Amino acid sequence: MTQVFLPDLIAGARAGLLVSFPTDTVPALAAIPEKAGLIFAAKQRSQDKPLILMAASAEDLWLYVKGDKNEYKVWQELADKYWPGGLTLVLPASDSVPKVMNPTDPTTIGIRVPNSAIAQTILAQTGPLATTSANFSGQPPLPTMAEIEVQFPKVLTLEYQGEMLGVGVPSTVAKWTGINWQILRQGAIKLDISSDN
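Being a predicted model, the structure only gives us computed values, none of them experimental.

Conventions used here
Residues numbered from 1 in each chain as written. Predicted model: local features only at pLDDT ≥ 70, side-chain atom pairs only at ≥ 80, totals over all residues. Heavy atoms only, no water. Helix = DSSP H or I, 4+ residues; strand = E, 2+ residues; numbered from the N terminus. Rg over C-alpha atoms; globule rule 2.2 N^0.38 Å. Buried < 20%, exposed > 50% of the residue type's maximum accessible area, 1.4 Å probe, protein only. Contact = heavy atoms within 4.5 Å. Lys, Arg positive; Asp, Glu negative; His and termini not counted. Charge placed at Lys NZ, Arg CZ, Asp CG, Glu CD. Axes fitted to C-alpha atoms, helices over the stretch in contact; angles between N-to-C directions. Parallel < 35°, antiparallel > 145°, perpendicular 65-115°, else oblique. Left-handed = near helix turned anticlockwise from the far one by under 90°. Pairing = 2+ DSSP bridges. 1 Å grid on protein atoms, 1.4 Å probe; cavity = no way out; pocket = protein on both sides within 12 Å on 5 of 7 lines; lining within 4 Å. Points joined across faces, edges and corners; volume = space filled by probe spheres on them. Nonpolar A, V, L, I, M, F, W, Y, C, P; charged D, E, K, R; others polar. Arc of directions from axis to C-beta.

Undergrad: I'm lost on the overall build of the chain in this one. Help?
TA: From N to C terminus, the chain includes 5 helices and 10 strands. The C-alpha radius of gyration computed for the chain amounts to 16 Å, which stays within 12% of the reference 16 Å derived for 197 residues, consistent with globular compactness. Counting only C-alpha atoms, the chain reaches 50 × 30 × 30 Å along its principal axes. For the chain, with 197 residues in total, the buried portion stands at 51%. Put simply, of all contacts in the chain between residues at least 6 apart along the chain, 66% involve residues at least 24 apart. Here the chain contributes 15 positive and 18 negative side-chain charges, whose respective centroids are spaced 5 Å apart.

Spelled out as structure tokens, the structure:
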């Protein structure tokens, strides 16, 4: 059994182990950013599919991205509007992001703050984690901790009673192009971004 209680899951994540926990969208497979390679290996995921950096607050994420004052203002406005929530922002990566998070294109990083009390509790104590949905690459996201435990027997999954709290739909992904937003994936949040902002 790899189901563990919250303190053990947090300790495991900090120690560099793979963990899984519920979020507001789909359950996450997560590791500290330096150990992101474990996620690619466990999921059999292609190196050209980057991971998302998830944190308990926007303040924990801004040091992982870089832009000018105006860009930060635009990013902050969107973050203030939709975070915590099912929106991932793909922004220019700072040197703080380990290359293993996005091996094919280390110049960008996806960041998100989940609207999930349990996820925020974990992230507040681990710091930002490299995350993705808990499933083999190309398969649908697994909806319950029990199913995740079966598919990933070595991953520490959160001892969790009841149904998943998430909506079961991955986050919406918006990429900053330098002048405006490009929607890479419509997901949990219906984002309507006009090109004039």
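Undergrad: Mind showing me how you'd approach the packing of helix H1 (residues 6-14) against helix H4 (residues 117-126) here?
TA: For any two helices packed against each other, the geometry comes down to the angle between their axes and how far apart the axes lie. Put simply, H1 and H4 touch, their axes get as near as 10 Å, and they point 45° apart. In this view, H1 runs oblique relative to H4, as classed from their interaxial angle. When the axes of H1 and H4 are compared, the crossing they make is right-handed. Across the interface between the two elements, Leu6, Leu9, Ile10, Ala13 and Arg14 from H1 touch Thr121, Ile122, Gln125 and Thr126 from H4.

Undergrad: Explanation requested: the side chain of Asn102 in the structure shown.
TA: Take Asn102: it is sitting in the loop between strand S5 (87-92) and strand S6 (108-112). Among the residues examined, Asn102 registers a relative accessible area of 5% and is labelled buried.

Undergrad: It is not clear to me how the sheet that holds strand S2 (residues 19-21) should be interpreted in this structure. Could you clarify?
TA: Sheet strands associate in pairs through backbone hydrogen bonding, adopting either a parallel or an antiparallel arrangement. With respect to topology, 10 strands assemble into an open sheet ordered S1-S8-S2-S3-S7-S4-S6-S5-S9-S10, the strand pairing being mixed. If you trace the sheet from one side to the other, it starts and ends with strand S1 (3-4) and strand S10 (181-185), each paired once. When strand S9 (residues 172-176) meets S10, the two strands line up antiparallel, connected through 4 bridges. In the sheet register, Trp176 faces S10, and the bridge partner there is Trp181. Sheet contacts for H1: S1, S2 and strand S8 (156-158); angle to S8, the most-contacted strand, approximately 145°. With respect to the sheet, helix H3 (residues 69-82) is in contact with S5, S9 and S10, its orientation differing from that of S5 by roughly 170°.

Undergrad: Sorry if this is basic, but what is going on with the layout of surface pockets here?
TA: Rolled over the atoms, a probe as big as a water molecule pinpoints where empty space is left. Here the largest pocket defines a volume of roughly 680 Å³. Arg45, Pro50, Ile52, Val173 and Arg185 are the residues nearest the centre of the largest pocket, which is lined by 36 residues in total. When contributions to the lining of the largest pocket are tallied by element, the ones reaching two or more residues are strand S4 (52-54), S5, S6, strand S7 (129-133), S9 and S10. In terms of residue count, S6 provides more of the lining of the largest pocket than any other element does, 4 residues in total. For the lining of the largest pocket, the residue count by class is 13 nonpolar, 15 polar and 8 charged.

Undergrad: Any chance you could explain the side chain of Thr157 here in plain terms?
TA: Within the secondary structure, Thr157 sits in strand S8. The class for Thr157 is buried, based on a relative accessible area of 0%. Excluding residues within four positions of it along the chain, Thr157 makes contact with Thr2, Gln3, Val4, Leu9, Ser20, Met145, Ile148 and Glu149.

Undergrad: Please explain the environment of Thr88 as it appears in this structure.
TA: Here Thr88 lies in strand S5. Sequence separation of Thr88 and Val173 is 85 residues, and the distance between their C-alpha atoms is 4.7 Å.

Undergrad: Explain H1 here, please?
TA: Since there are 3.6 residues in each turn of an α-helix, residues three or four apart along the chain are aligned in direction. Every buried residue belonging to H1 is among Leu9, Ile10, Gly12 and Ala13, and all of these are buried. One side of H1 carries all its buried residues, which in axial view fall inside an arc of 160°. Residues of H1 that are exposed and point over 90 degrees away from its buried face: Pro7 and Arg14. Looking at the buried positions of H1, the neighbouring elements they touch are S1, S2, H4 and S8. One or two steps after H1, the chain reaches Gly16, where phi turns positive at roughly 95°.

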